[in-house]
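# Coordinate analysis (summary)
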Amino acid sequence: MPLLSEIHYNPCIAYFQQVNKTDEIWLEQQEHYVKQSYRNRCYVLTAQGVKDLTIPVKKGNRKTVITEIEIDYDQKWLNTHWRTIKSGYGSAPYFTYYSDYLQQILEQRVPTLFGLNETLLQFYLKSLQIRKPIQYTKEYTTLYPNGVQDLRNQIHPKRKSAILDVKPYQQVFGKQFAPNLSIIDLLFSQGPAAKNYL
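An unreviewed UniProt entry lists the chain under the name WbqC family protein, with Adhaeribacter radiodurans as the source organism.

Structure below.
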């Protein structure tokens, strides 16, 4: 069964749990941009607790198609994101194994949000050794027929995900497990075993 979803920034664990179960990935590229969603934000764990990393965008209103949303590099978010990731995961067991690749992607300064998220998704799929064909929507359709798992807007930072299978693993900080963070947390903590967790 294909999985249909919008594309996220450093997607959360619930997203990859669903991706791991599906036959192929359908990325929604005809939708309009939605603010305050995983499209331009992710959550990571730091010594101060869970931290929200958000990419500023230019002219991010509801009438702009997602593929046309440009990242605002005039704001200093890139340094902040990388510093936060490095301070949060620098001591994680697999940080040195993946960090150079992740830093290179971020420093490419991909002009569009969709383009950056697509590059990151390919990196994570390869790192997790998940091989799934990827298709892109040709038009926006509100309802898809049975046989397509439509997860558009179902995985959202303001809603608790009903599809998340919470299984604690060793995290860098905190005595209490923080569920459904960015895949960064799982990958840097578990390395090659991350796929088995999913």
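Structure's up, so let's keep going.
We now examine the environment of Ala14. Turning to its location among the elements, Ala14 is positioned in helix α1 (residues 13-21). A relative accessible area of 0% places Ala14 in the buried class. Sequence separation of Ala14 and Leu181 is 167 residues, and the distance between their C-alpha atoms is 8.6 Å.

With that out of the way, let us pick up unusual backbone geometry. At Gln129, a residue that is not glycine, the phi angle is positive and equals roughly 55 degrees. For Gln129, the location among the structural elements is in the loop between α4 (113-127) and β7 (134-136). For Asn180, which is not a glycine, the phi torsion comes out positive at approximately 55 degrees. Along the chain, the position of Asn180 falls in the loop between β8 (149-150) and α5 (183-190).

In this section: the packing of aromatic side chains. One pass over the structure, following the stated rule, counts 14 aromatic pairs. Between Tyr101 and Phe123 the ring centres are 6.4 Å apart and the planes differ by 35 degrees, which places this aromatic pair in the tilted class. Taken together, the residues Tyr101 in helix α3 (residues 95-107) and Phe123 in helix α4 connect sequence positions 22 residues apart. Aromatic side chains Phe114 and Tyr136 sit 6.4 Å apart centroid to centroid with 55 degrees between the ring planes, which places their arrangement in the tilted category. One end of the pair, Phe114, is in helix α4; the other, Tyr136, is in strand β7, with 22 residues separating them in the sequence. Given the relative accessible area of 6%, Phe114 is considered buried. Residue classification places Tyr136 among the partly exposed residues on the basis of a relative accessible area of 24%. Members of the aromatic cluster, joined through ring pairs, are Tyr15, Phe16, Tyr101, Phe123 and Tyr124.

Now for the pattern of salt bridges. Under the counting rule described, the total for this entry stands at five salt bridges. A salt bridge links Glu28 to Arg152; the shortest N-O distance between them is 2.9 Å. One end of the pair, Glu28, is in the loop between β2 (25-27) and β3 (41-46); the other, Arg152, is in the loop between β8 and α5, with 124 residues separating them in the sequence. Each member of the pair, Glu28 together with Arg152, is buried. A single network of salt bridges, built from pairs that share partners, joins Glu28, Asp150 and Arg152.

The rules we used
Residues numbered from 1 in each chain as written. Predicted model: local features only at pLDDT ≥ 70, side-chain atom pairs only at ≥ 80, totals over all residues. Heavy atoms only, no water. Helix = DSSP H or I, 4+ residues; strand = E, 2+ residues; numbered from the N terminus. Buried < 20%, exposed > 50% of the residue type's maximum accessible area, 1.4 Å probe, protein only. Phe/Tyr/Trp six-rings, centres within 6.5 Å; stacked < 30°, edge-to-face > 60°. Salt bridge = Lys/Arg side-chain N within 4 Å of Asp/Glu carboxyl O.

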